[in-house]
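Geometric and topological summary
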Amino acid sequence: TLGILILSFCVALFAGAFTVLRWLKRASDLSQLQLDFLSKVSHEFKTPLTSIRMFSETLGAGRALTEEQRRHCLQMLQSVTARLDTMIGRLLDFGRMEAGRMSYDRQPESVESVLQQALEAFEPIRIRDAVQLETNIAADLPKVMADRTMLSQAVLNILQNAAKYGGDDRRVRLD
């Protein structure tokens, strides 16, 4: 009887230790996932905030700007703030995704217009970092069923990474 009790105690101790270690591993994985998520969100918000800062500094610097340049800066500020608003909405959507209620707004989209949206968002980075951008977009591409904002964001991420990790020649080519 004593042997069975000792054996049962050892099995229970082993099972308890295994459960605690498994729980700690999950907690560690969740913590790492949260850190990765925060890092990626911070990275995504830096681009529009940098654009807003750059265009507002351009407008506030007191330099003589032509009316066309001033209009372009204001238009880009409006575009970037709208994009930032969309990104905040998407961040809130992640909460819905966790709850299993996430939906994508898929519609027939022109590939050219999706790419143009990404290129407009990339423009401040291109100017700031003196990136040479070459595009070759076929005009006869069929429409795709996509969430325009999410697809454009994915293309922007690719452009940013190409500019950042593409080498010293600061050239990006989009075909």
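Now for a description of the structure that goes with this document.

1. Looking at the overall build of the chain
The number of helices and strands found in the chain is four helices and four strands. For the chain, the succession of helices and strands along the chain, N to C, is α-α-β-α-β-β-α-β. In terms of overall dimensions, the chain is more spread out than a globule: its C-alpha atoms have a radius of gyration of 25 Å, far above the 16 Å expected for 175 residues. Its C-alpha atoms give the chain principal-axis dimensions of roughly 95 × 40 × 35 Å. For the chain, with 175 residues in total, the buried portion stands at 25%. Put simply, of all contacts in the chain between residues at least 6 apart along the chain, 77% involve residues at least 24 apart. Just so you have it, the chain exposes about 12,500 Å², and 60% of that area is on carbon and sulfur atoms. Taken as two groups, the 22 positive and 21 negative side-chain charges of the chain have centres that lie 5 Å from each other.

2. Details of the nonpolar core
Judged by nonpolar contacts, the single largest core of 14 residues is most densely connected at F122 and L159. Of all the secondary-structure elements, those providing two or more residues to this core are α3 (111-128), α4 (148-165) and β4 (171-174). Those residues in contact with F122 that sit more than four places away from it in its chain are V131, L133, L156, L159, Q160 and A163. Membership of the second largest hydrophobic core comes to five residues, among which are M54, C73, M76 and L77.

3. What to know about the side chain of E44
Within the secondary structure layout, E44 lies in helix α1 (residues 2-60). A polar contact is formed between the side chain of E44 and the side chain of Q153, at a distance of 2.4 Å. With residues up to four places along the chain from it excluded, the contact list for E44 reads M87, Q153 and N157.

4. What about the pattern of salt bridges?
Scanning all chains against the criterion turns up five salt bridges. Note that R53 is salt-bridged to E57, the shortest N-O span being 3.7 Å. Of this pair, R53 and E57 both sit in helix α1, four residues apart, which is roughly one turn of that helix. Overall, E57 belongs to the partly exposed group, its relative accessible area being 47%. When the shortest N-O distance is used, the salt bridge between R126 and E123 registers 2.8 Å. Of this pair, R126 and E123 are both found in helix α3, three residues apart, which corresponds to roughly one turn of the helix. Since its relative accessible area comes to 26%, R126 is described here as partly exposed.

5. Thoughts on the layout of surface pockets
In this approach a probe as big as a water molecule rolls over the atoms, and the regions it shows empty are the leftover space. Roughly 590 Å³ of internal volume is contained in the largest pocket. When contributions to the lining of the largest pocket are tallied by element, the ones reaching two or more residues are α1, α2 (67-98) and α4. Broken down by element, the residue count for the lining of the largest pocket peaks at nine residues, all from α1. Grouping the constituent residues of the lining of the largest pocket by class yields eleven nonpolar, five polar and six charged. Among the secondary structure elements, those contributing two or more residues to the lining of the second largest pocket are α1, α3 and α4. Residues belonging to the lining of the second largest pocket are distributed by class as follows: two nonpolar, five polar and four charged.

Rules used throughout
- Residues numbered from 1 in each chain as written.
- Predicted model: local features only at pLDDT ≥ 70, side-chain atom pairs only at ≥ 80, totals over all residues.
- Heavy atoms only, no water.
- Helix = DSSP H or I, 4+ residues; strand = E, 2+ residues; numbered from the N terminus.
- Rg over C-alpha atoms; globule rule 2.2 N^0.38 Å.
- Buried < 20%, exposed > 50% of the residue type's maximum accessible area, 1.4 Å probe, protein only.
- Contact = heavy atoms within 4.5 Å.
- Areas by Shrake-Rupley, 256 points an atom, 1.4 Å probe, with all protein chains shown as cover.
- Lys, Arg positive; Asp, Glu negative; His and termini not counted.
- Charge placed at Lys NZ, Arg CZ, Asp CG, Glu CD.
- Core = buried A, V, L, I, M, F, W, Y, C linked by side-chain atoms within 4.5 Å.
- Polar contact = N/O pair within 3.5 Å; in protein donor to acceptor, adjacent residues only side chain to side chain.
- Salt bridge = Lys/Arg side-chain N within 4 Å of Asp/Glu carboxyl O.
- 1 Å grid on protein atoms, 1.4 Å probe; cavity = no way out; pocket = protein on both sides within 12 Å on 5 of 7 lines; lining within 4 Å.
- Points joined across faces, edges and corners; volume = space filled by probe spheres on them.
- Nonpolar A, V, L, I, M, F, W, Y, C, P; charged D, E, K, R; others polar.

Purely geometric stuff here, so don't read any function into it on its own.
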